[in-house]
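Breakdown of the fold
If you want the building blocks of each chain, they are given just below.
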There are 2 protein chains.
Amino acid sequence: MKKYALFLVLSFILSFKAHAEDGSRLWLRYDSTAMKSITLQLDPAMPLDDGYRIEGRVVKARTQQGLLYGKYACLRGEQGESHPYFRLRILNHWDNIDGSIERGYAGNSIFWDGSPSSPLNAQLINSYAEACASIGINGTVLNNVNASPKMLTTAYLNKVKEIADILRPWGIRVYLSVNFGSPKALGATRTADPLNPQVHRWWNNKAKEIYRLIPDFGGFLVKANSEGQPGPFDYGRTHADGANMLADALKPYGGIVMWRSFVYGAKHKGEDRVMQAVSEFADLDGQFRDNVILQSKNGPLDFQPREPYAPIFDQMKQTKQMAELQITQEYLGQGDHLVFLAPMWKEFFSYVEPSRLVGIAGVANIGLDTNWCGHHFAQANWYAFGRLAWNPAISSEQIASEWLGLTFNEECGLKGMMLRSREACVDYMMPLGLHHIFKFDHHMGPEPDGFKAEYPLEWCPVYYHKADAAGIGFDRSTRGTGATRQYREPYSTLYDSPATCPERYLLWFHHLPWDYRTLSGRTLWEEMQYRYNRGVSEVEDFIRIWQEARPYIDEQRWQEVDAKLHKQLHDAQEWRDTCLGYFGSFAVR
Amino acid sequence: MKKYALFLVLSFILSFKAHAEDGSRLWLRYDSTAMKSITLQLDPAMPLDDGYRIEGRVVKARTQQGLLYGKYACLRGEQGESHPYFRLRILNHWDNIDGSIERGYAGNSIFWDGSPSSPLNAQLINSYAEACASIGINGTVLNNVNASPKMLTTAYLNKVKEIADILRPWGIRVYLSVNFGSPKALGATRTADPLNPQVHRWWNNKAKEIYRLIPDFGGFLVKANSEGQPGPFDYGRTHADGANMLADALKPYGGIVMWRSFVYGAKHKGEDRVMQAVSEFADLDGQFRDNVILQSKNGPLDFQPREPYAPIFDQMKQTKQMAELQITQEYLGQGDHLVFLAPMWKEFFSYVEPSRLVGIAGVANIGLDTNWCGHHFAQANWYAFGRLAWNPAISSEQIASEWLGLTFNEECGLKGMMLRSREACVDYMMPLGLHHIFKFDHHMGPEPDGFKAEYPLEWCPVYYHKADAAGIGFDRSTRGTGATRQYREPYSTLYDSPATCPERYLLWFHHLPWDYRTLSGRTLWEEMQYRYNRGVSEVEDFIRIWQEARPYIDEQRWQEVDAKLHKQLHDAQEWRDTCLGYFGSFAVR
């Protein structure tokens, strides 16, 4: 009884202490005395990277950057030795120079506001950098992959330099997304053909200009011949021709090219969309310069709440690769749903060995909102990305514990809620391997009957679920599109048969009758109903957990999250009702 | 009385506390609790350099490097804001790869030991780096300007990389001295002609190899066509041809070439040696690449205890320039004499505006000796070099106070001794502008009658003092060699007449009769006697001061310095007696 009374008193104190919580401080709520008690020591006997060793309140590292990382690790209670796993730990900001953010749900860009000459919010960008550095992020792409050629004009490069100057002390390099057609679009050349000497020269000079301003500039990220962007195909050249030209321009300065494999509807138009990346790139394996890195999304489609891993990670054996993860929740409830993404990324790493990758990039969920990410719990995904980029072996549980300890001070069921949230989202949006049932363009909410004749078929939900009287699902087995052939063994064989395919990917790879018997004993249609309902009831449970946690949480954040949880429940119900209503019209006879 | 008693007690405690002082800790004797109480904050509103602002125990800076500098500044008691004056703050180690050090008086090299494959003393090099960083030094040339071509072989470059990896966290870039004939000497080409394409290619590839190992490699230091070293003259090319070829190889990576102007006996052989640098380089002004920096010694001859400033700093108006100072006491008593060099360097800056320079380099006095520099007080010159490289406006007094506070904890007359020591050395070695009266080759001790027919005349003392029955001194006025013409006004006119030439440079610029009347009213010969004797009596006074300071100084360092002071007195007496004896044979009739 005494213990409980003390707990109540402590809770009372904590709830008072946290009166002015608007989320702006992220996970950096240390008081400054905590900083003072840490001793930082450079130690030349440590391994040569930015890792650290913590013994008590003493941090040792081989580099200044390691001491910085170690300081924050010490503040969050780490002990012992830790080293960064991936060399490249990069945030991709899909920020447009007009200040808007593609797939951004937390306000406008912290970097851009439509004018290259307006002053930066240096203090805000500095806080952003501290948050990134505190979790080991060491690179940032400042603009959208659908890149404006204007980004490479001197006016914008001068602004990039200013940003780089703020990020540099935190060990964060800047990168830029570039439009492949830039020299032509800016009127400097008549073509953007990568084999044209004038085009070459333009890019070489541009690289020189950039490095004069930013000697540690990281490099370029390129979306080429994808969704309307210009690229080497426009001139009958290959992705290797295009990437290598840029790589040669950056090479003297140590810069890299991150070339995205997210390409479909180009040379292999008509083929199953999830197969096109491998079809586009497999023949080019071995043809890329050593400072080109192929950047591929974790799944072969497009950042769905669940996808099997992208087989391009199996197929490119001589090419450096990195994974592109999406922190911003384009397809996972955007700014409204509480979905902790660490379990999704851990699932990816269970298929794609981290040792095959030189880095990971995460599409950022950061904007001008007071709490940075729109949803207070969306901060946890920024945090989780950084932690997994540092060490993909850390468990989701540990990341959730760490983050909760740094932000809400109490767990009281919140960790369980976070860990269950992604599976709940899959359940209420697209269970059993269903995918891309989203409303057009904005990707919020369900549209299972979605079909527009004027749109590419690959953008239409009906193309993906293929529900009809006979059943539901996309046959990608060797009897269908043959996408399973792109996987390495044993996955190629396992995925090819409904009997051995994991149920979570069932309708991704197979078209099955409504009365197909699932592992639970229920028919496929019954199992779909069960899972959609389970997703909704999970969110109901999250609301209950949040209600119970109220005494331990400051009022402002509690209210804001509570409102979003109710919106999430409403959306989950909509997903369930819309999808079961639509699919039921085929299933129930 | 009470106050005095307390002083004695405190002194007693201090003398006990300092029982294990061997000088190995340099000026870094902070206890670790002092470190803990300092808060470091990155502040994006600070100016964009490695400066810092200190308020109480809070250090703010724009960069991590600034925080590091600020931490040490805070530890030595600084408050307020400070920014680095020179961009390049470099130590030049004249270390040979066999481990010996040219003009080194403190043991062998901390970097090299004759084998490229033996393990480094990483802990020692790390301590060296901390000491450098604590005073703002940000670059180090790892090898002698009389450079072995072997330094550029892969085996040695791998070792350079290891050293760079240790220095990098402290913000210190590595540079290398290179032998201009390297490609030929290593058998890769038949020539080292800077206009030969194969030679070009060799250097380009070498730069590429270096930067692959060391992405932040600083650049090359070159002694070409000087004292037997190969250079572009060997192929009928100019210094600009040579420097620019190397600069082009380093340019893509941001590297620089420091090209020494210390050239004599080449194209302008026979001309007054102090004039030859201007004669060699003046016509090339404007022909150097923008990453070439001309590195010139502070004086036009060679690191004498006193020289007028080198007029090349006046003559090269379109060329980037840096000054080369000598920390190691080649001509100032080497490892045995207590000579604090800050006043000498301040004298230089009073003639050559620091704003004309992009950096300063100091020839290091560091070796494997336990106390790093041979003489405990020689550490103060390493310290002073760093502090003046950071801010040439700091006074010699302040530097001496800082250093004494960090090393001996008590001043008790020591500051006055340090501040008087350079003038004393000038007095007992070469008063009134006399110069280069040193024993051949090793430059320790006097040899006023020095002449060897087989040596270049410019190496012989008699060439410099020109003592004869008519008088003494080197007529460099317009009636003599005309060296005064190389100076900007008003110095050109002032130096040209004995009446207006400062007496400290009198015999540098003029040959004057023994009965010439000096400002004191004494004849020149009487004034020489007076000054030689004053130098000796100054050292006698230093011994007395040191004796009085004994209660406040640990026994080991006291004994070691005391022994050296007695050696210094002996040497000063030898200088006086030898020189007055020799000159007296002409003066006294």
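Below, the structure is looked at part by part. Remember, it's a predicted structure, so these values are computed and weren't measured experimentally.

Right, let's get into the overall build of chain A. The helix and strand tally for chain A stands at 19 helices and twelve strands. Taken against the 2.2 N^0.38 rule, which gives 25 Å for 589 residues, the C-alpha radius of gyration of chain A at 24 Å falls within 12% of a compact globule. On the principal axes, the C-alpha backbone points of chain A span a range of 75 × 70 × 45 Å. Of all 589 residues assigned to chain A, the portion counted as buried reaches 61%. Considering only contacts in chain A between residues 6 or more positions apart, those separated by 24 or more positions represent 71%. Put simply, chain A shows about 20,900 Å² of open surface, and 52% of that area lies on carbon and sulfur atoms. Each charge sign in chain A was given a centre, from 63 positive and 68 negative side chains, and these centres are 5 Å apart.

Our focus in this paragraph is the interface of chain A and chain B. The interface is formed by 24 residues belonging to chain A together with 24 residues belonging to chain B. Summed over both partners, the interface of chain A with chain B buries about 2,100 Å², with 59% contributed by carbon and sulfur atoms. Across the chain A-chain B interface, the total number found is zero salt bridges. Run the count over chain A and chain B and you get two residue pairs in polar contact (both at pLDDT 80 or more). Counting residues per element, the ones that place at least two in the side of chain A that touches chain B are strand E1 (39-42), helix H3 (64-75), helix H4 (122-134) and helix H5 (154-167) of chain A. Sort the elements by how many residues they give to the side of chain A that touches chain B and H5 of chain A lands first, with four residues. Class assignment of the residues belonging to the side of chain A that touches chain B gives a composition of eleven nonpolar, six polar and seven charged.

The subject of this paragraph is the sheet that holds strand E10 (residues 292-297) of chain A. Residues and elements named next belong to chain A. Strands sit in the order E5-E6-E7-E8-E9-E10-E11-E12 around a closed barrel of eight strands; the barrel is parallel. When strand polarity is set aside, the average angle formed by the axes of neighbouring strands in this sheet is 25°. Sheet topology note: the strand E9 (residues 256-260)/E10 ladder contains four bridges and is parallel. Within E10, the position partnered with Met258 by the bridge is Ile293.

Of all ten residues making up helix H11 (residues 342-351) of chain A, eight are buried, and the element is well covered by its neighbours. Those residues of H11 of chain A that fall on the buried side of the exposure criterion are Ala342, Pro343, Met344, Trp345, Glu347, Phe348, Phe349 and Tyr351 of chain A.

Attention shifts here to the sheet that holds E1 of chain A. Residue and element names in this part refer to chain A. Taken in spatial order, the four strands line up as E1-E3-E2-E4 in an open sheet, and their pairing is mixed. A single partner strand is all that each edge strand has here, and the edge strands are E1 and strand E4 (80-82). For this sheet the average axis-to-axis angle between neighbouring strands, irrespective of direction, equals 20°. Looking at chain direction, E1 and strand E3 (residues 58-61) are connected through four bridges and run parallel. Within E3, the position partnered with Leu42 by the bridge is Ala61.

Here we come to the relation of the copies chain A and chain B. Superposing chain A onto chain B takes a rotation of 180° combined with a translation of 0.0 Å along the rotation axis, leaving an RMSD of 0.1 Å. Read as a symmetry element, the transformation amounts to a two-fold axis. In this assembly, 100% of the residues forming the interface of chain A have copies in chain B that are likewise at the interface, indicating an isologous arrangement.

Structurally, the position occupied by Lys159 of chain B is in helix H5 (residues 154-167). Contact partners of Lys159 of chain B, with chain neighbours within four places excluded, come to Phe111, Trp112, Asp113, Ser115, Pro116, Ser118 and Leu120 of chain B.

The next thing to look at is the packing of helix H4 (residues 122-134) of chain B against H5 of chain B. All names here are of chain B. For the pair H4 and H5, interaxial distance at closest approach is 9 Å and the crossing angle is 50°. When the axis of H4 is compared with that of H5, the two are oblique. H4 and H5 meet at a crossing whose hand is right-handed. Across from Ala122, Ile125, Asn126, Tyr128 and Ala129 in H4, the residues of H5 making contact are Ile163, Ile166 and Leu167.

What follows is about the pattern of salt bridges. In the structure shown here, the tally under the stated rule is 85 salt bridges over all chains. Across the pair Arg522 of chain B and Glu527 of chain B runs a salt bridge whose closest N-O atoms are separated by 2.9 Å. Given the relative accessible area of 26%, Arg522 of chain B is considered partly exposed. Here the salt bridges share partners, and the residues they tie into one network are Arg420, Glu538, Asp541, Arg544 and Glu548 of chain A.

What follows deals with the side chain of Gln486 of chain A. For Gln486 of chain A, the location among the structural elements is in the loop between helix H15 (461-465) and helix H16 (491-496). Look past the residues within four positions of Gln486 of chain A in its chain and what remains in contact with it is Val274, Met275, Val278, Ser279, Pro311, Asp314 and Gln315 of chain A.

All names here are of chain B. Buried residues dominate strand E11 (residues 320-326), accounting for six of its seven residues. In this structure, strand E10 (residues 292-297) lies alongside E11, joined through five bridges in parallel fashion. Note on E11: the bridge partner recorded for Ser296 is Ala323. Of the pairings in the sheet, the one linking E11 to strand E12 (residues 359-363) comprises five bridges and is parallel in character. By the bridge assignment for E12, Ala323 is matched with Ile360. Taking the sense of rotation as the criterion, the β-α-β connection linking E11, helix H11 (residues 342-351) and E12 turns out right-handed.

Angle between the axes and distance between the axes: these two values describe a pair of packed helices. Residue and element names in this part refer to chain B. Between helix H12 (residues 379-390) and helix H13 (residues 396-407), the shortest axis-to-axis distance is 10 Å and the interhelical angle comes to 125°. Relative to H13, the element H12 is oriented oblique. Pair H12 / H13 crosses with right-handed handedness. Of the residues in H13, those touching H12 at Gln379, Ala380, Tyr383, Ala384, Arg387 and Leu388 are Gln398, Ile399, Glu402, Trp403 and Leu406. Of the residues contributing to the contact of H12 with H13, the split by class is seven nonpolar, two polar and two charged.

All names here are of chain A. Inspection of the secondary structure puts Ala393 in the loop between helix H12 (379-390) and helix H13 (396-407). A relative accessible area of 63% places Ala393 in the exposed class. Remark: the alpha-carbon pair of Ala393 and Ser296, spanning 97 residues in sequence, is separated by 20 Å.

Time to look at the packing of aromatic side chains. Enumeration according to the criterion identifies 94 aromatic pairs over all chains in this entry. Ring geometry for Phe440 of chain A against Tyr455 of chain A: centres 5.2 Å apart, planes inclined by 90°, an arrangement best described as edge-to-face. Taken as a pair, Phe440 of chain A in the loop between helix H14 (414-429) and H15 and Tyr455 of chain A in the loop between H14 and H15 lie far apart in primary sequence, 15 residues in all. Looking at Tyr455 of chain A, the relative accessible area reads 22%, which means it is partly exposed. Their ring planes at 65° and their centres at 5.9 Å tell us that Trp403 of chain B and Phe408 of chain B sit as a pair that is edge-to-face.

Let us look at the nonpolar core. Trp259, Trp382 and Phe583 of chain A together with Trp259, Trp382 and Phe583 of chain B are the most contacted members of the largest nonpolar core, which totals 382 residues. Ranked by residue count, the leading element in this core is helix H19 (residues 555-587) of chain B, at twelve residues.

So, on to the environment of Leu388 of chain B. Position of Leu388 of chain B relative to the elements: it lies in helix H12. Ignoring any residue separated from it by four or fewer positions in sequence, one finds Leu388 of chain B in contact with Phe86, Ala342, Trp345, Lys346, Phe349, Ile360, Ile394 and Ile399 of chain B.

Reading the values: rules and limits
Residues numbered from 1 in each chain as written. Chains lettered and ligands numbered in written order. Predicted model: local features only at pLDDT ≥ 70, side-chain atom pairs only at ≥ 80, totals over all residues. Heavy atoms only, no water. Helix = DSSP H or I, 4+ residues; strand = E, 2+ residues; numbered from the N terminus. Rg over C-alpha atoms; globule rule 2.2 N^0.38 Å. Buried < 20%, exposed > 50% of the residue type's maximum accessible area, 1.4 Å probe, protein only. Contact = heavy atoms within 4.5 Å. Areas by Shrake-Rupley, 256 points an atom, 1.4 Å probe, with all protein chains shown as cover. Lys, Arg positive; Asp, Glu negative; His and termini not counted. Charge placed at Lys NZ, Arg CZ, Asp CG, Glu CD. Buried area = accessible area lost by both parts, 1.4 Å probe. Salt bridge = Lys/Arg side-chain N within 4 Å of Asp/Glu carboxyl O. Polar contact = N/O pair within 3.5 Å; in protein donor to acceptor, adjacent residues only side chain to side chain. Nonpolar A, V, L, I, M, F, W, Y, C, P; charged D, E, K, R; others polar. Pairing = 2+ DSSP bridges. Axes fitted to C-alpha atoms, helices over the stretch in contact; angles between N-to-C directions. Least-squares fit on C-alpha atoms with pLDDT ≥ 70 in both. Parallel < 35°, antiparallel > 145°, perpendicular 65-115°, else oblique. Left-handed = near helix turned anticlockwise from the far one by under 90°. Right-handed = clockwise from strand over helix to strand, strands pointing away. Phe/Tyr/Trp six-rings, centres within 6.5 Å; stacked < 30°, edge-to-face > 60°. Core = buried A, V, L, I, M, F, W, Y, C linked by side-chain atoms within 4.5 Å.

Purely geometric numbers; function is a separate question.
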